[in-house]
Amino acid sequence: MIHSTEEGTYVYVYDAEDALFCKADELYKCEADALAAWEEKISPEGWHIIDDPLPDCQHDCILPIRVKGRNLGSPRWGEYELLENGEWKDI
C-alpha cells in the first residue's frame, strides 16, 4: 500500500494477504519514486485504489482501525478498535 503525506510517500509492506497491520514501511521523497521502486514487485493485478483512512484511523490498515482513545486525545497504544456496522469494536 502507498500513502502520500507532506513528508513524502510511505510504502506499507504486509506479510500476508489478510494482515491487519503492515510488517514494515519505507518512506520515499515522492510518489513517483515509490511507484518506480515497487512497480515490478507487486502482483500482476496491479495497484488497487482504496479510500483514505477515516479520521484517527491507522494509515497502514485497509480496514477502519484506530488506537483506542485516539479520538479523545488520550491514545492507549497497543489497544485497537475496528469500525464495524457503524460501531467501534475491540480487536
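Since we're looking at a predicted model, the values are computed, not measured.

**Q** Would you explain the overall build of the protein in this entry?
**A** Helix and strand counts for the protein come out as 1 helix and 6 strands. Along the protein, from the amino end to the carboxyl end, the secondary structure elements read β-β-β-α-β-β-β. Viewed in the frame of its principal axes, the protein has a C-alpha envelope of about 40 × 25 × 20 Å. Expressed as a percentage of the 91 residues in the protein, the buried residues total 23%. Summarising the internal contacts of the protein: among those between residues at least 6 apart in sequence, 26% fall at separations of at least 24. Here the protein carries 8 positive and 21 negative side-chain charges, and the mean point of each set is 7 Å from the other.

**Q** Help me out: how do you make sense of the layout of surface pockets in this one?
**A** Empty space among the atoms can be located by rolling a probe the size of a water molecule over them. Taken as a whole, the largest pocket encloses approximately 1,200 Å³ of empty space. Around the largest pocket sit 37 residues that line it, and Met1, Tyr14, His48, Ile50 and Ile62 are the ones nearest its centre. Listing elements by their share of the lining of the largest pocket, those giving two or more residues are strand S1 (2–5), strand S2 (8–13) and helix H1 (31–38). Looking at the lining of the largest pocket residue by residue, the class counts come to 23 nonpolar, 7 polar and 7 charged.

**Q** Any chance you could explain a nonpolar patch on the surface here in plain terms?
**A** A cluster of nonpolar side chains, namely Leu20, Leu63 and Ile91, defines an oily patch on the protein surface of about 250 Å² accessible area. Take leucine 20: its relative accessible area is 36%, and that puts it in the partly exposed class.

**Q** Which parts of the structure should I look at to understand the packing of aromatic side chains?
**A** Aromatic ring pairs: the centre-centre distance and the angle between the two ring planes describe each pair. Summed over all chains, the structure comprises 2 aromatic pairs. Ring centres of tyrosine 10 and tyrosine 12 lie 5.9 Å apart, and the angle between their planes is 0°; on these two criteria the pair is classed as stacked. Comparing tyrosine 10 with tyrosine 12 shows no difference in burial state: the two are buried. A centroid spacing of 4.7 Å and a plane angle of 50° characterise the contact between phenylalanine 21 and tyrosine 80, whose relative ring orientation is tilted. Placement of the pair is phenylalanine 21 in the loop between S2 and strand S3 (24–28) and tyrosine 80 in strand S5 (residues 80–84), with a sequence separation of 59 residues. For phenylalanine 21, a relative accessible area of 27% gives the class partly exposed.

**Q** Looking at this structure, I do not really get the sheet that holds strand S6 (residues 87–90). What am I missing?
**A** Working definition: the strands of a sheet are paired by backbone hydrogen bonds and lie parallel or antiparallel to each other. Sheet architecture is open: 3 strands sit in the order S4-S5-S6, paired in antiparallel fashion. Each end of this open sheet is capped by a strand with a single partner; those strands are strand S4 (65–67) and S6. Neighbouring strand axes in the sheet, compared pairwise and without regard to direction, differ in orientation by 35° on average. Bridging between S4 and S5 involves 3 bridges; their strand directions are antiparallel. Of the residues in S5, the one forming a bridge with valine 67 is tyrosine 80.

**Q** Honestly, the side chain of histidine 3 in this entry has me stumped. Any pointers?
**A** Position of histidine 3 among the secondary structure elements: in strand S1. On the basis of relative accessibility, which here comes to 14%, the residue histidine 3 falls in the buried class. Histidine 3 has contacts with Gly8, Thr9, Tyr10, Tyr12 and His59, leaving out every residue within four places of it along the chain.

Calculation notes
- Residues numbered from 1 in each chain as written.
- Predicted model: local features only at pLDDT ≥ 70, side-chain atom pairs only at ≥ 80, totals over all residues.
- Heavy atoms only, no water.
- Helix = DSSP H or I, 4+ residues; strand = E, 2+ residues; numbered from the N terminus.
- Buried < 20%, exposed > 50% of the residue type's maximum accessible area, 1.4 Å probe, protein only.
- Contact = heavy atoms within 4.5 Å.
- Lys, Arg positive; Asp, Glu negative; His and termini not counted.
- Charge placed at Lys NZ, Arg CZ, Asp CG, Glu CD.
- 1 Å grid on protein atoms, 1.4 Å probe; cavity = no way out; pocket = protein on both sides within 12 Å on 5 of 7 lines; lining within 4 Å.
- Points joined across faces, edges and corners; volume = space filled by probe spheres on them.
- Nonpolar A, V, L, I, M, F, W, Y, C, P; charged D, E, K, R; others polar.
- Patch = residues over 30% accessible without salt bridge, like charges linked within 9 Å, V, L, I, M, F, W, Y side chains within 5 Å.
- Areas by Shrake-Rupley, 256 points an atom, 1.4 Å probe, with all protein chains shown as cover.
- Salt bridge = Lys/Arg side-chain N within 4 Å of Asp/Glu carboxyl O.
- Phe/Tyr/Trp six-rings, centres within 6.5 Å; stacked < 30°, edge-to-face > 60°.
- Pairing = 2+ DSSP bridges.
- Axes fitted to C-alpha atoms, helices over the stretch in contact; angles between N-to-C directions.

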